[in-house]
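The primary structure of each chain is shown beneath.
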2 protein chains.
Amino acid sequence: MNRPTKQQLDSCRAALVEALGSDALKSDPDALSDYGRDESDLGTTPADLVVLPRTTAEVSRVLKIAREHRVPVTPCGARSGKSGGSMPVHGGIVLTLERMNAIKEISTEDLVAVVEPGVVTGDLMKAVEAKGLFYPPDPNSWGWCTLGGNIAENAGGPRALKYGVTREYVLGMEWVMPDGEVLRVGRRTIKGVAGYDLVGLLVGSEGTLGIATEITLQLLPLPREVQTALLVFSDVRQAARAVSAILAAGVLPRTLELMDDLAVKAVDGKGFNFPPETGACVLAEVDGNVPEAVFGELARLGEIAEQHGAKETWLAQDEGQREKLWAARRTVSIALRGLAKHKLSEDLVVPRSRIPEMIDRCKAIGQALGLTVATYGHAGDGNLHANILFESADERPKVDEALRQMAVVAIELGGTITGEHGIGVAKKDLLPLEQAPAVLALQRKLKQVFDPEGFMNPGKFLPD
Amino acid sequence: MNRPTKQQLDSCRAALVEALGSDALKSDPDALSDYGRDESDLGTTPADLVVLPRTTAEVSRVLKIAREHRVPVTPCGARSGKSGGSMPVHGGIVLTLERMNAIKEISTEDLVAVVEPGVVTGDLMKAVEAKGLFYPPDPNSWGWCTLGGNIAENAGGPRALKYGVTREYVLGMEWVMPDGEVLRVGRRTIKGVAGYDLVGLLVGSEGTLGIATEITLQLLPLPREVQTALLVFSDVRQAARAVSAILAAGVLPRTLELMDDLAVKAVDGKGFNFPPETGACVLAEVDGNVPEAVFGELARLGEIAEQHGAKETWLAQDEGQREKLWAARRTVSIALRGLAKHKLSEDLVVPRSRIPEMIDRCKAIGQALGLTVATYGHAGDGNLHANILFESADERPKVDEALRQMAVVAIELGGTITGEHGIGVAKKDLLPLEQAPAVLALQRKLKQVFDPEGFMNPGKFLPD
């Protein structure tokens, strides 16, 4: 779809004001710019119009009007994404779901929650925990990202190791098709196989197939006991081998988060002091209902880690210590920016057994190109965030080459180029490295079923 | 697609013999009839030809030849399905995957298995358990059903309560499109969000979108401890309320299987003697790694059950007792046939809190129509198999009316008409009760992307 003309935009704006009222639109330059970027390092592509619908009917109305005026629509949540998925790269409307932020229901009996897409993930977590329930997916930005965005990107997080990703918790949705038609897909029950798994297709579709306006999520009983330990290593390769050994021994913690020397250095002393000479560490967390059993698993995990070179196992003694440890982990991405002027991050996944090799090869690629590579991430499920730190924009071609080489290695090792951030704009050019032309062609055909005119989040995901 | 003509079939047969050799075909009347039925009560629709490919290339070849000669193809596994999904209702070729039955890999390091579609589910379970690993999905027919069939139907089973259904374990597939093109979808890693979730769309597509020829499955570490108890009640409504109470209390057993008085009567004394005056029972199983913790959860569950009217809790003392108890549960479906000449079964699901109400209303529907209704199933996840027993084929219209009324009630209570058996032929006419015309239309369009000519498993699932 082409960038809309001024005339198209003007008439579209007028129709939107008439339909939704002027307080449902933003068009000051600051807002247009704010809604033109996310948490990727892809810069800003300003929106032409920002629309803030309050109801499903309004979302539907916006899509109908946009289509009528041939103006592209890019949906967004909190713009916390890392792949440019919510950037209006072809201009037009950014449709934000931020005003649709009601938690409509939390059912202890049925173990489900029904929410609007603009609910902040962390708000739902806290609300269900207050009722003894558990919503496991915990993307790093849970404090401000929204469930609608989590669904668009099929967000993961540390606990995916034991509990899976967003996809596993979406039972049903109210879904607005690109032409404005409102459908109900999925269900409220845990099981159900009536028809094609439309929910499966729509979760992770990166805003290219329509918009979720109501989401029914599965909940779990809240584990009554959680224990957290920091395993300290002198070297990241050693730590990676310990992670593999822990999993191969049949222990299934809920997180196994790895940080290399640079990642540790970036956050050390800011709220949490790492033991001196920490060359790498693993943040391990075990949960369950019986304290002795949870402690038993954690002890077993610690033993295996020590057999594989852990110098020290540091146990969080209370919720305060635990929170400090996690805060350190959560701020790695931001803190790494403090170490260099520029940072670009990968979101590679390899089969768990290949983690040590992947880390070796990422470091080697960096070395060969004279770049600094910091590695951290969800080592337990093979999802590594390799970050390249660099000082000058001139180095960018070299950095892109490194990212490309890392992607090739991940695929060669049986992995994928994105574990949880999505393709969006960031990895559009890399996707053909992983997926064959026939697979890409099939996805193009599916996109056409939903959005024949291509005005829903154009320019994303599928290579042109 | 129309039924093929004799001429089309003859030329298709000749081409298949030339391509695959005559030992890849069966056309004796017994075989054509055998491959024309499954475990539903829908009778037999004989195949015109049975083809037994040995490789992906041969599967692709068969589809190309069939398409060229305009002969429909119905894929099948072990024909253990309950909705007629593998019945060649428009005649033509039945393509059986039974010769593709190799377990290609079991990786302890990566926690994955790679299998061909004809592998019997129970064979994989045993093979991975021998390595300390666990493949949780356990459809009732695990002793003879195949993984390819499980994927086509997105099979469930008792353990779905804690571990989810087949869908949750399929990471990647080699997939032959209806036109014979071979694709790779998904991946080998636990996480991955590159592109649309094609695996999500294909699992549960009931053989209408193509054929899986290689499947990469996620495995878990095998829980080191399993304990099993039988909770005895005088009445099924009481038992259902106890199930709800157990779940609401935050206990998450791996199974909570319900059997009403008729189901108990059908299997009593055949290997396992139920306590006298068992009016209903719940088979509860808890797993974990620490014996004390597992026993603790089971004890807690037993207490809640007793508070809700359980007369007795009977604990399996060893693997032998456990196996007897499960054998009783697994044979309910077959044993119920012994109580009456005919039997038709539902596969309804309701939100967990509505289980008692659903059972009440199923019994009431039966009573009003003068029919005997036996209820059993996976009460923990709201998936009930309501069975109608009847003596004379004359009663069939009344039985159909009862099934329809039960489906309406399940939907009214927020549920679905099929939890694990699929739509197939059996529930094709009921699907519009649950899904709106726009949702059905969307699925038809998706089907067309994969199979524009409609020769892949025609006559199934979507109403005409």
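Above this text sits the structure in question.
Residues numbered from 1 in each chain as written. Chains lettered and ligands numbered in written order. Predicted model: local features only at pLDDT ≥ 70, side-chain atom pairs only at ≥ 80, totals over all residues. Heavy atoms only, no water.

> How do you make sense of the overall build of chain A when you look at a structure like this?
Of regular secondary structure, chain A possesses 16 helices and 19 strands. Against the globule reference of 23 Å for 464 residues, chain A gives a C-alpha radius of gyration of 22 Å, in line with a compact fold. Relative to its full complement of 464 residues, chain A shows a buried share of 62%. Considering only intrachain contacts with a sequence separation of at least 6, the fraction spanning at least 24 residues in chain A is 74%. As displayed, chain A has an accessible area near 16,000 Å², and 49% of this comes from carbon and sulfur atoms. Put simply, chain A has 51 plus and 62 minus side-chain charges, and the middle of one group is 2 Å from the middle of the other. (Helix = DSSP H or I, 4+ residues; strand = E, 2+ residues; numbered from the N terminus. Rg over C-alpha atoms; globule rule 2.2 N^0.38 Å. Buried < 20%, exposed > 50% of the residue type's maximum accessible area, 1.4 Å probe, protein only. Contact = heavy atoms within 4.5 Å. Areas by Shrake-Rupley, 256 points an atom, 1.4 Å probe, with all protein chains shown as cover. Lys, Arg positive; Asp, Glu negative; His and termini not counted. Charge placed at Lys NZ, Arg CZ, Asp CG, Glu CD.)

> Quick question: what am I supposed to make of the pairing of strand β18 (residues 372-378) of chain A here?
Residues and elements named next belong to chain A. Judged by how many residues are buried, β18 sits mostly within the fold: six of seven residues are covered. Examined bridge by bridge, strand β13 (residues 255-260) and β18 share two bridges and lie antiparallel to one another. Note on β18: the bridge partner recorded for methionine 259 is tyrosine 376. Pairing of β18 with strand β19 (residues 383-390), which is carried by seven bridges, proceeds in the antiparallel orientation. Each residue of the ladder has a partner; that of tyrosine 376, found in β19, is histidine 385. The loop that links β18 with its antiparallel partner β19 comprises four residues; one of these, glycine 382, has a positive phi angle of about 80°. (Pairing = 2+ DSSP bridges.)

> What am I meant to see in the interface of chain B and chain A here?
Interface size is often expressed as the accessible area that is lost when the parts come together. Each partner contributes to the interface: chain B provides 77 residues, whereas chain A provides 77 residues. Taking both sides of the interface into account, the surface hidden between chain B and chain A amounts to around 6,100 Å²; carbon and sulfur atoms contribute 66%. For chain B, the biggest contributors to the area lost against chain A are Lys191, Val193 and Tyr196 of chain B; these three give 16% of the whole. A salt bridge links arginine 224 of chain A to glutamate 297 of chain B; the shortest N-O distance between them is 3.2 Å. At the junction of chain B with chain A, the criterion picks out 20 residue pairs in polar contact (both at pLDDT 80 or more). For the side of chain B that touches chain A, the secondary structure elements donating two or more residues are β9 (182-186), α7 (198-202), α10 (291-307), α15 (431-434) and α16 (437-450) of chain B. In terms of residues, the side of chain B that touches chain A owes the most to one element, α16 of chain B, which gives nine residues. (Buried area = accessible area lost by both parts, 1.4 Å probe. Salt bridge = Lys/Arg side-chain N within 4 Å of Asp/Glu carboxyl O. Polar contact = N/O pair within 3.5 Å; in protein donor to acceptor, adjacent residues only side chain to side chain.)

> Teacher, can you tell me more about the pattern of salt bridges here?
Oppositely charged side chains may form a pair once their charged atoms are brought near each other. Residue and element names in this part refer to chain A. On inspection of all chains with the given rule, the structure shows 71 salt bridges over all chains. The residue arginine 37 makes a salt bridge to aspartate 34 at a minimum N-O spacing of 3.0 Å. By relative accessible area, which is 34% here, arginine 37 ends up partly exposed. Accessibility expressed as a relative area gives 34% for aspartate 34, which makes it partly exposed.

> Which parts of the structure should I look at to understand the relation of the copies chain B and chain A?
Once chain B has been moved 0.0 Å along the axis and rotated by 180°, it coincides with chain A to within an RMSD of 0.0 Å. Taken together, the rotation and translation describe the operation of a two-fold axis. Measuring from the rotation axis to each C-alpha of chain B, the shortest distance belongs to glycine 200 of chain B, at 2.3 Å. An overlap of 100% is found between the interface residues of chain B and their copies at the interface of chain A, pointing to a shared contact surface. (Least-squares fit on C-alpha atoms with pLDDT ≥ 70 in both.)

> Got a minute to help me understand the sheet that holds strand β5 (residues 103-107) of chain A in this structure?
Each strand in a sheet pairs with another by means of backbone hydrogen bonds, the pair being arranged parallel or else antiparallel. Residues and elements named next belong to chain A. Pairing within the open sheet is antiparallel, and its five strands lie in the order β5-β6-β10-β8-β9. A single partner strand is all that each edge strand has here, and the edge strands are β5 and β9 (182-186). The sheet shows a mean angle of 10° between the axes of neighbouring strands, taken without regard to direction. The strands touched by helix α4 (residues 121-129) within the sheet are β5, β6 (112-115) and β10 (211-218), with β5 carrying the most contacts at an inclination of about 35°. (Axes fitted to C-alpha atoms, helices over the stretch in contact; angles between N-to-C directions.)

> Is there a simple way to think about helix α8 (residues 236-248) of chain A in this case?
Every α-helix winds through 3.6 residues per turn, so residues three or four apart in the chain are directed the same way. Residues and elements named next belong to chain A. Across its 13 residues, α8 extends 18 Å between first and last C-alpha, which sits within 8% of the 18 Å expected from 1.5 Å per residue. Among the residues of α8, those classed as buried are Val236, Ala239, Ala240, Ala242, Val243, Ser244, Ala245, Ile246 and Leu247. Of the surrounding elements, those touching the buried residues of α8 are α6 (160-163), β12 (225-233), β13, β14 (280-288), α10 (291-307) and α13 (355-369). Backbone nitrogen of arginine 237 and a side-chain oxygen of the N-cap are separated by 2.8 Å at the start of α8; the cap is aspartate 235. (Expected span 1.5 Å × (residues − 1).)

> Can you walk me through the environment of serine 11 of chain A in this structure?
Its place among the elements puts serine 11 of chain A in helix α1 (residues 6-20). As a C-alpha pair, serine 11 of chain A and tyrosine 135 of chain A span 124 residues in sequence and 43 Å in three-dimensional space.

> Hey, could you run me through unusual backbone geometry in this one?
Backbone phi values are negative for most residues with the exception of glycine, while trans is the configuration of most peptide bonds. Backbone geometry at glutamate 277 of chain A places phi at a positive 65°, although glycine is not the residue there. Inspection of the secondary structure puts glutamate 277 of chain A in the loop between α9 (261-267) and β14. With relative accessibility at 69%, the residue glutamate 277 of chain A sits in the exposed group. Positive phi, close to 70°, is recorded for phenylalanine 461 of chain B, a residue that is not glycine. Along the chain, phenylalanine 461 of chain B turns up in the segment after α16. According to the relative accessible area criterion, phenylalanine 461 of chain B is buried, its value standing at 1%.

> What's the story with the sheet that holds strand β1 (residues 25-26) of chain A in this structure? I'm lost.
All names here are of chain A. Read from one edge to the other, the open sheet built from four strands follows the order β1-β2-β4-β3, with strand pairing classed as mixed. Two strands in the sheet have a free side with no partner beyond their single neighbour: β1 and β3 (73-76). Strand direction decides the pairing type here: β3 and strand β4 (residues 93-96), joined by four bridges, are parallel. When the bridges of β4 are listed, valine 73 appears paired with isoleucine 93. Of the strands in this sheet, β1, β2 (49-51) and β4 touch α1, which is tilted by about 20° from β2. Contacts from helix α3 (residues 56-68) reach β2, β3 and β4 within the one sheet, and its direction differs from that of β4 by about 170°.

> Any chance you could explain the side chain of aspartate 38 of chain A here in plain terms?
Residues and elements named next belong to chain A. As for its position among the elements, aspartate 38 is in the loop between α2 (29-34) and β2. Nearest to the buried, unbridged aspartate 38 among oppositely charged side chains is lysine 460, at 7.5 Å. Here the side chain of aspartate 38 touches serine 40 through a polar contact of 2.5 Å, side chain to side chain.

> I would appreciate a short explanation of the packing of helix α8 (residues 236-248) of chain B against helix α13 (residues 355-369) of chain B in the present structure.
Helix packing for two helices is described by the angle between their axes and how far apart those axes are. Residues and elements named next belong to chain B. Following both chains from N to C, one finds α8 and α13 inclined at 160°, their axes separated by 8 Å at the closest point. Relative to α13, α8 is oriented roughly antiparallel. Judged by the twist between their axes, the crossing of α8 over α13 is right-handed. Residues Val236, Arg237, Ala240, Arg241, Val243 and Ser244 of α8 form the contact with α13, whose participating residues are Ile355, Pro356, Ile359, Asp360 and Lys363. Tallied by class, residues from the contact of α8 with α13 come to six nonpolar, one polar and four charged. (Parallel < 35°, antiparallel > 145°, perpendicular 65-115°, else oblique. Left-handed = near helix turned anticlockwise from the far one by under 90°. Nonpolar A, V, L, I, M, F, W, Y, C, P; charged D, E, K, R; others polar.)

> Got a minute to help me understand the nonpolar core in this structure?
The tendency in soluble globular proteins is for nonpolar side chains to be buried side by side. Core analysis: the biggest nonpolar cluster contains 94 residues, and Met173 of chain A together with Met173 of chain B have the highest contact counts within it. Setting aside its immediate chain neighbours within four residues, methionine 173 of chain B contacts Ile151, Leu183, Arg184, Val185, Val199, Leu202, Val203, Ala212 and Glu214 of chain B. (Core = buried A, V, L, I, M, F, W, Y, C linked by side-chain atoms within 4.5 Å.)

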